Amino acid sequence: MEVGSNGSAVKAEENTKCKDVKASKVGGIKTMPFILANEICDRFAATGFHANMITYLTDQLNLPLVKASNTLSNFAGTASFTPLIGALIADSFAGRFWTITIGSIIYELGMISITISAVVPSLRPAACRDGVNCEEASNLQLWVLYMSLLLTSLGTGGIRPCVVTFAADQIDMKKSSVESRSWNFFNWYYFIMGMATLTALTVVVYIQDNVGWGWGLGIPTIAMAVSVLVFVFGSPLYVKLKPGGSPLVRLAQVVVAAFNSRKLKLNDPPHLYHNHELDANISVTGRLVHTQQFKWLDKAAIVREGDLNLWKVATVHRVEELKSIIRMLPIWAAGILLVTSSSHIHSFVIQQARTMDRHFAHHSFEIPPASLSVFSVLTMLTGLVLYERLFVPLVRRFTANPSGITCLQRMGVGFLVNIIATVVSAVVESKRKSVAAHHNLLDDPKAIIPISVFWLVPQYCLHGIAEVFMSVGHLEFLYDQSPESMRSTAVALYWIAISIGNYLGTALVTLVHDYTGKDNNWLPDRNLNRGKLDYYYWLITGIQVVNLVYYVICASLYTCKPLEEEIPYTNGDKEMEHAENQQLIIV
């Protein structure tokens with residue numbers, strides 16, 4: 001590379017050094033305590049808030065089981081839909097930092113509201129003693145609940161899609177760098193979040209069941225307030241990537257440009273429109289390489305003479321952004337039916353646990369029903385460590401893959417384990433009812449059946465193993481395979497799948513409840529002993545088997561995105577001096 005004068009060369013070198021020094025002051029591992037402290041407090045608060053909410057609705061507000069379960073699933077669906085709105089706001093104009101901050105404040109307002117409703121007696125109905133003739137919460141009392149849940153759902157929209165991507169922004173997540181590391185960011189992210197969840201399931205749930213709902217909801221509310229303060233305090237240290245403009249607008253521009261050019265003849269890829277300067281803000285870690293899939297979209301990149309309007313001609317990188325999203329959608333959709341199948345399980349299992357002997361060994365201590373999720377979290381935490389330290393090094397010897405297995409393979413294992421977990425759930429429920437029948441307790445909804453609650457532990461452990469594979473693999477897949485300028489939006493897809501799955505789960509439970517008859521209802525309102533919950537478990541097992549077959553077909557046809565990464569080089573590398581923009585294609 002020729003230089004006009006020595007002075008200009010020195011100046012360029014000095015500018016580069018200044019940029020490097022400035023970059024070293026922000027980002028990196030030092031930002032993780034502030035960002036993850038926010039996420040830890042948020043996860044602690046959210047888990048403490050929602051884990052035992054089915055008990056609050058059925059015991060404190062006296063709602064029927066199906067109505068309470070559907071209420072939670074509906075708001076869980078809403079809380080999983082709002083991340084798409086938050087992600088679009090972050091990727092379009094607000095940035096991830098401010099989206100997280102505002103979302104956390106809104107979430108805090110919702111938690112304050114429901115904590116007040118738990119403390120003020122007039123916002124709850126009279127206590128129900130016999131478990132049958134109960135006065136349900138009034139419309140005013142329910143509206144207070146609904147407004148609180150709505151605020152937390154809106155706040156979640158700003159937190160969930162942005163925190164994990166904002167944390168990843170602070171470290172080098174280029175594919176070449178990730179493969180050279182001995183640790184997986186997403187594994188350790190889930191591990192830390194699991195520790196926060198474990199603390200909430202043990203401490204907060206115990207307080208809710210044994211001390212009171214005022215403190216049980218107040219502690220998570222305080223933790224959430226602390227998380228906002230810690231996160232904002234670390235602001236000067238963060239890498240804050242500039243938003244690249246609305247991703248939906250860019251996708252729409254590609255579709256419109258392809259449609260307008262539908263009659264034009266498609267040239268060879270080298271003649272398609274490239275503009276590295278235009279794409280600079282949306283391709284910081286590398287440009288997407290042209291692929292042969294969905295070739296009809298390539299017409300959007302055909303240059304019309306003298307017309308470079310983005311609604312009439314799009315760059316190859318922008319076309320490939322749309323292609324990447326289209327390729328991801330079938331894999332993403334497989335997660336919907338998985339959530340549909342499991343959306344109500346935890347609510348039902350808690351109700352099962354309330355009818356079982358919850359004493360630990362022969363001690364007087366009783367395990368709170370909602371705390372049974374501890375076994376799932378402990379299994380997940382242990383599984384993540386074993387996966388990172390034993391499974392990956394072992395499998396790597398056979399696959400030669402730095403990650404051991406691919407994200408798609410990891411998700412497939414998770415689907416399979418989840419099916420096994422649901423089968424175990426059906427078998428255990430059959431056992432629980434047979435013991436109740438043997439002791440003539442089927443008609444007593446408040447009776448404690450002489451069967452240990454630890455019969456429920458195996459299914460919790462299996463769900464924990466499934467999460468190690470499915471949840472982490474799914475999140476890593478969406479982050480890795482999405483265009484970099486749409487990563488918040490892509491992570492939001494993770495929550496959108498949960499949202500749609502929860503809504504479909506509510507529809508499934510409602511249909512089962514409405515059409516299985518009054519006398520032999522699978523999911524009765526008050527007496528679970530007279531229901532056929534095991535039949536419901538077998539139904540969702542069948543749904544998951546069909547879903548697994550669909551996923552295997554989609555995964556076998558999937559093509560990973562090819563990315564063009566810049567190769568860093570030193571001043572002493574003479575060969576690289578003549579290749580200022582030398583690049584490496586990573587597939």
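Look up: the structure comes first, before these words.
My aim in this report is to walk through the structure given alongside it, one point at a time. Just so we're clear, the structure is a prediction, and the values are computed from it rather than from any experiment. (Residues numbered from 1 in each chain as written. Predicted model: local features only at pLDDT ≥ 70, side-chain atom pairs only at ≥ 80, totals over all residues. Heavy atoms only, no water.)

### A few points about the packing of aromatic side chains
In this structure the tally under the stated criterion is 16 aromatic pairs. Between the aromatic rings of Phe 375 and Phe 454, the centroid separation amounts to 6.1 Å while the plane-to-plane angle is 75°, which identifies the pairing as edge-to-face. Taken together, the residues span a long stretch of sequence, with Phe 375 in helix α13 (residues 373-399) and Phe 454 in the loop between β3 (449-452) and α15 (457-481) at a distance of 79 residues. Each ring, one from Tyr 387 and one from Phe 469, has its centre 5.5 Å from the other, and the planes form 85°; the classification is edge-to-face. Here the residue Tyr 387 occupies a position in helix α13, and Phe 469 occupies one in helix α15, the gap between them amounting to 82 residues. (Phe/Tyr/Trp six-rings, centres within 6.5 Å; stacked < 30°, edge-to-face > 60°. Helix = DSSP H or I, 4+ residues; strand = E, 2+ residues; numbered from the N terminus.)

### Details of the environment of Phe 231
Along the chain, the position of Phe 231 falls in helix α9 (residues 213-233). Remark: the alpha-carbon pair of Phe 231 and Phe 34, spanning 197 residues in sequence, is separated by 5.2 Å. In this structure, Phe 231 is in contact with Phe 34, Ile 35, Asn 38, Phe 97, Ile 100, Thr 101, Phe 166 and Tyr 238, ignoring residues within four places of it in sequence. (Contact = heavy atoms within 4.5 Å.)

### Remarks on the pairing of β3
Alternating residues of β3 divide into Ile 449 and Ile 451, all buried, and Pro 450 and Ser 452, none buried. Here strand β2 (residues 356-357) pairs with β3 via two bridges, running parallel. Residue pairing in the sheet places Met 356 in a bridge with Ile 449 of β3. (Buried < 20%, exposed > 50% of the residue type's maximum accessible area, 1.4 Å probe, protein only. Pairing = 2+ DSSP bridges.)

### Quick word on the nonpolar core
Note that soluble globular proteins tend to have their nonpolar side chains buried in a common cluster. With 130 residues, the main nonpolar core has Leu 57, Ile 331, Leu 456, Phe 477 and Tyr 536 as its most contacted residues. At ten residues, helix α6 (residues 139-169) tops the list of elements feeding residues into this core. In this structure Phe 477 touches Met 328, Ile 331, Cys 407, Leu 408, Met 411, Ser 482 and Tyr 558, once residues within four positions along its chain are discounted. (Core = buried A, V, L, I, M, F, W, Y, C linked by side-chain atoms within 4.5 Å.)

### Re the packing of helix α3 (residues 53-60) against helix α4 (residues 65-94)
Remark: α3 packs on α4, axes separated minimally by 9 Å, with the N-to-C direction vectors making an angle of 140°. With respect to α4, the axis of α3 lies oblique. Between α3 and α4 lies a crossing whose hand is right-handed. Residues Met 53, Ile 54, Leu 57 and Thr 58 of α3 form the contact with α4, whose own contacting residues are Leu 65, Ala 68, Ser 69, Thr 71 and Leu 72. Along the lines of polarity and charge, the residues of the contact of α3 with α4 split into six nonpolar, three polar and no charged. (Axes fitted to C-alpha atoms, helices over the stretch in contact; angles between N-to-C directions. Parallel < 35°, antiparallel > 145°, perpendicular 65-115°, else oblique. Left-handed = near helix turned anticlockwise from the far one by under 90°. Nonpolar A, V, L, I, M, F, W, Y, C, P; charged D, E, K, R; others polar.)

### Quick word on α3
Counting buried residues along α3, six of its eight residues qualify, which places the element largely inside the surrounding structure. Where α3 is concerned, the buried positions are Met 53, Ile 54, Thr 55, Tyr 56, Leu 57 and Thr 58. Two residues or fewer past α3, Asn 62 is found with a positive phi of approximately 60°.

None of the figures reported here should be taken as evidence of function without further support.
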